[in-house]
Amino acid sequence: MHSLTEFNLRTIRESDLETLTKIADDLSISEMLTDNFPFPYTESDARSFYELVHDSNNPLWFVITDATDAMIGDICVRPKKGSNYSHVGVLGYWLSKSARRHGVMCGAIERVVEIAFTTYGYLRVEADVFEHNHASMKVLEKAGFQHEGILLKGAQKNGVLRDLHLFARVSVLRP
Ligand SMILES: CC(C)(COP(=O)(O)OP(=O)(O)OC[C@H]1O[C@@H](n2cnc3c(N)ncnc32)[C@H](O)[C@@H]1OP(=O)(O)O)[C@@H](O)C(=O)NCCC(=O)NCCS
């Protein structure tokens, strides 16, 4: 790893939208996420995202900021949909290109999962990763996630069927 960069997690503010529009307009992010994350990424997309985060009332939806409090990424644990999954969180994240390879996302994932387990009662946090996203798989492994399996043809991206790699971390707080 290169030198560890200082980062913080906080809720999104309206004043982040200009930076968000700039850093999110990046194919290297959108090609690794679901189609909910558009490319090109416009001011109106940033505004919709801001409203989505607000309306979600999810205390585990954070922007990642640098030492100057500027937004450099996003991370979220959401409750998995369905009545049998209230203890399961689904992790999603992305980081601006210029902030990568300094240990930020690994640190952010560790911090958010810790809060999810200790403060919000989650017992399992899972993430699924497109087969072509080797960087994300490495980050998850480094953050203590286990590779649980491969969902063959688990998703489509840009019209191409993709396998999904399923990763999870399970809380030790309750068996
Ligand atoms: C994946 C992503 C979040 C990684 O963030 P990051 O802050 O650069 O990751 P870290 O610096 O914490 O990396 C931790 C480890 O992961 C691995 N890693 C990270 N990026 C890598 C890359 N591009 N290639 C190979 N290994 C990589 C390394 O092992 C690294 O440890 P090291 O630096 O000691 O070798 C970032 O590249 C990103 O936002 N990509 C686009 C969006 C995305 O893929 N989101 C996840 C969807 S599932």
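Please refer to the structure placed before this passage.
These lines cover the structure that appears in this document, whether it is placed above or below.

### Some thoughts on the overall build of the protein chain
- Within the protein chain, the secondary structure is distributed over five helices and seven strands.
- Helices and strands in the protein chain line up, N terminus first, as β-α-α-α-β-β-β-α-β-α-β-β.
- Here the protein chain has a C-alpha radius of gyration of 16 Å; the compact-globule value for 175 residues is 16 Å, and the two agree.
- Judged by the C-alpha coordinates and their principal axes, the protein chain covers about 45 × 40 × 35 Å.
- Contacts spanning at least 24 positions in sequence make up 59% of the contacts within the protein chain whose residues lie at least 6 apart.

### With respect to the sheet that holds strand β7 (residues 160-170)
- Taken together, the seven strands give an open sheet; going across it, the order is β1-β2-β3-β4-β5-β7-β6, and neighbouring strands pair in mixed fashion. Each edge of the open sheet is held by one strand with a lone partner, namely β1 (8-10) and β6 (146-157). The sheet shows a mean angle of 30° between the axes of neighbouring strands, direction not considered.
- The sheet strands contacting helix α4 (residues 104-118) are β1, β2 (61-65), β3 (71-79), β4 (88-95), β5 (124-130) and β7, and the helix crosses β4 at an angle near 155°.

### Some words on unusual backbone geometry
- Between F39 and P40 the backbone carries a cis peptide bond, its omega angle lying at -5°.
- Topologically, P40 is positioned in the loop between α2 (27-30) and α3 (43-56).
- Despite not being glycine, N57 has its phi angle at roughly 55°, a positive value.
- Mapped onto the fold, N57 is located in the loop between α3 and β2.
- Given 7 C-beta atoms within a 10 Å radius, N57 is considered exposed.

### Quick notes on the environment of Y122
- With respect to the secondary-structure elements, Y122 resides in the loop between α4 and β5.
- Using a count of 24 C-beta atoms within 10 Å as the deciding quantity, one classes Y122 as buried.
- Sequence-wise, Y122 and H102 are 20 residues apart; in three dimensions their C-alpha atoms are separated by 28 Å.
- In this structure, Y122 is in contact with V77, H87, V88, G89, A116, F117 and S171, ignoring residues within four places of it in sequence.

### Description of helix α1 (residues 17-24)
- What α1 keeps buried is the set L20, I23 and A24. Taken around the axis of α1, the buried residues stretch over an arc of 90°, which confines them to a single face.

### As for the environment of R111
- Tracing the chain through its elements places R111 in helix α4.
- Along the sequence, R111 and W94 sit 17 residues apart, while their C-alpha atoms lie 15 Å from each other.

Basis of the calculations
Residues numbered from 1 in each chain as written. Predicted model: local features only at pLDDT ≥ 70, side-chain atom pairs only at ≥ 80, totals over all residues. Helix = DSSP H or I, 4+ residues; strand = E, 2+ residues; numbered from the N terminus. Rg over C-alpha atoms; globule rule 2.2 N^0.38 Å. Contact = placed C-beta atoms within 7 Å. Pairing = 2+ DSSP bridges. Axes fitted to C-alpha atoms, helices over the stretch in contact; angles between N-to-C directions. Buried ≥ 20, exposed ≤ 12 C-beta atoms within 10 Å, placed from the backbone. Arc of directions from axis to C-beta.

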